[in-house]
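This is what each chain is made of:
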Amino acid sequence: MSPRRLPSLSALRAFEAAARHESAKQAASELSVTATAISHHIRGLEESLGVALFVRKPRQFLLPPQARELFLSLEASFDRLGDALDRAHAAPPRLAAPLLT
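Described below are features of the structure shown in this document. (Residues numbered from 1 in each chain as written. Predicted model: local features only at pLDDT ≥ 70, side-chain atom pairs only at ≥ 80, totals over all residues. Heavy atoms only, no water.)

1. Concerning the packing of aromatic side chains
Phase 1 of the analysis: For the structure on display, the rule yields two aromatic pairs.
Phase 2 of the analysis: Each ring, one from Phe 15 and one from Phe 54, has its centre 5.4 Å from the other, and the planes form 55°; the classification is tilted. Of this pair, Phe 15 sits in helix H1 (residues 9–21) while Phe 54 sits in the loop between helix H3 (35–49) and strand E1 (55–57), placing them 39 residues apart in sequence. Judged on exposure class, the residue Phe 15 and its partner Phe 54 are both buried.
Phase 3 of the analysis: For the pair Phe 54 and Phe 61, a centre-to-centre distance of 4.8 Å together with 35° between the ring planes defines the contact as tilted.
Phase 4 of the analysis: Residue Phe 54 is classed as buried on the basis of its relative accessible area of 4%.
Phase 5 of the analysis: Grouping aromatic residues by their ring pairs yields a cluster made of Phe 15, Phe 54 and Phe 61.
Phase 6 of the analysis: Positioned over the ring face of Phe 61 is Arg 56, at 5.4 Å from the centre of the ring. (Phe/Tyr/Trp six-rings, centres within 6.5 Å; stacked < 30°, edge-to-face > 60°. Helix = DSSP H or I, 4+ residues; strand = E, 2+ residues; numbered from the N terminus. Buried < 20%, exposed > 50% of the residue type's maximum accessible area, 1.4 Å probe, protein only. Lys NZ or Arg CZ within 6 Å of the ring centre and 35° of its normal.)

2. Re the nonpolar core
Phase 1 of the analysis: Counting 20 residues, the largest nonpolar core has Phe 15, Ala 18, Ile 38 and Phe 54 as the members making the most contacts within it.
Phase 2 of the analysis: Elements represented by at least two residues in this core include exactly H1, helix H2 (24–31), H3 and helix H4 (65–90).
Phase 3 of the analysis: With residues near it in sequence (within four places) discarded, Ala 18 still touches Ser 23, Ala 27, Ile 38, Ile 42, Phe 54 and Phe 61. (Core = buried A, V, L, I, M, F, W, Y, C linked by side-chain atoms within 4.5 Å. Contact = heavy atoms within 4.5 Å.)

3. Observations concerning the side chain of Glu 46
Phase 1 of the analysis: Position of Glu 46 among the secondary structure elements: in helix H3.
Phase 2 of the analysis: Of the polar contacts made by the side chain of Glu 46, one reaches the side chain of Arg 56; its length is 2.9 Å.
Phase 3 of the analysis: In this structure Glu 46 touches Val 51, Ala 52, Leu 53, Phe 54 and Arg 56, once residues within four positions along its chain are discounted. (Polar contact = N/O pair within 3.5 Å; in protein donor to acceptor, adjacent residues only side chain to side chain.)

4. Considerations on the pattern of salt bridges
Phase 1 of the analysis: Per the counting criterion, the structure on display carries three salt bridges.
Phase 2 of the analysis: For Glu 46, the salt bridge goes to Arg 56, with nearest N and O atoms at 2.9 Å. Taken as a pair, Glu 46 in helix H3 and Arg 56 in strand E1 lie far apart in primary sequence, ten residues in all.
Phase 3 of the analysis: Classification of Glu 46 as buried rests on a relative accessible area of 11%.
Phase 4 of the analysis: In this structure Arg 56 comes out as partly exposed when scored by relative accessible area, which is 32%.
Phase 5 of the analysis: Look at the salt bridges and you will find they share partners, linking Glu 16, Arg 20 and Glu 30 into a network. (Salt bridge = Lys/Arg side-chain N within 4 Å of Asp/Glu carboxyl O.)

5. Observations concerning H3
Phase 1 of the analysis: Over its 15 residues, H3 extends 21 Å from the first C-alpha to the last, a length consistent with the 21 Å expected when each residue adds 1.5 Å.
Phase 2 of the analysis: Turning to H3, its buried residues are Ile 38, Ile 42, Leu 45 and Glu 46. Looking straight down H3, one finds its buried side chains confined to an arc of 100°; they lie on one side. Within H3, the exposed residues directed more than 90 degrees away from the buried face are His 40, Glu 47 and Ser 48.
Phase 3 of the analysis: For H3, the elements touching its buried residues are H1, H2, E1 and strand E2 (60–62).
Phase 4 of the analysis: Of the residues one or two after H3, Gly 50 is the one with positive phi, at around 75°. (Expected span 1.5 Å × (residues − 1). Arc of directions from axis to C-beta.)

Here you go:
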């Protein structure tokens, strides 16, 4: 199996938060970074995908239809990842199993 070629997790998180809040400033607050960092991540993601992910208005990011599928997929994926991490954290400790190689 070949390795997946995915954009950076930081860029995907920045996009998902900005899309959910429709704001770089609110996404930045949530992720504890600057709004400029959010914008840089989104621009880099747009360049790598070759598509505009937002319609930029003063103080607002609007999600165009072509970016909605990516947002919904990321939102669901981050929710599933969060749930899995919660379950792993809540699991009782057990002896470490040997790693399979």
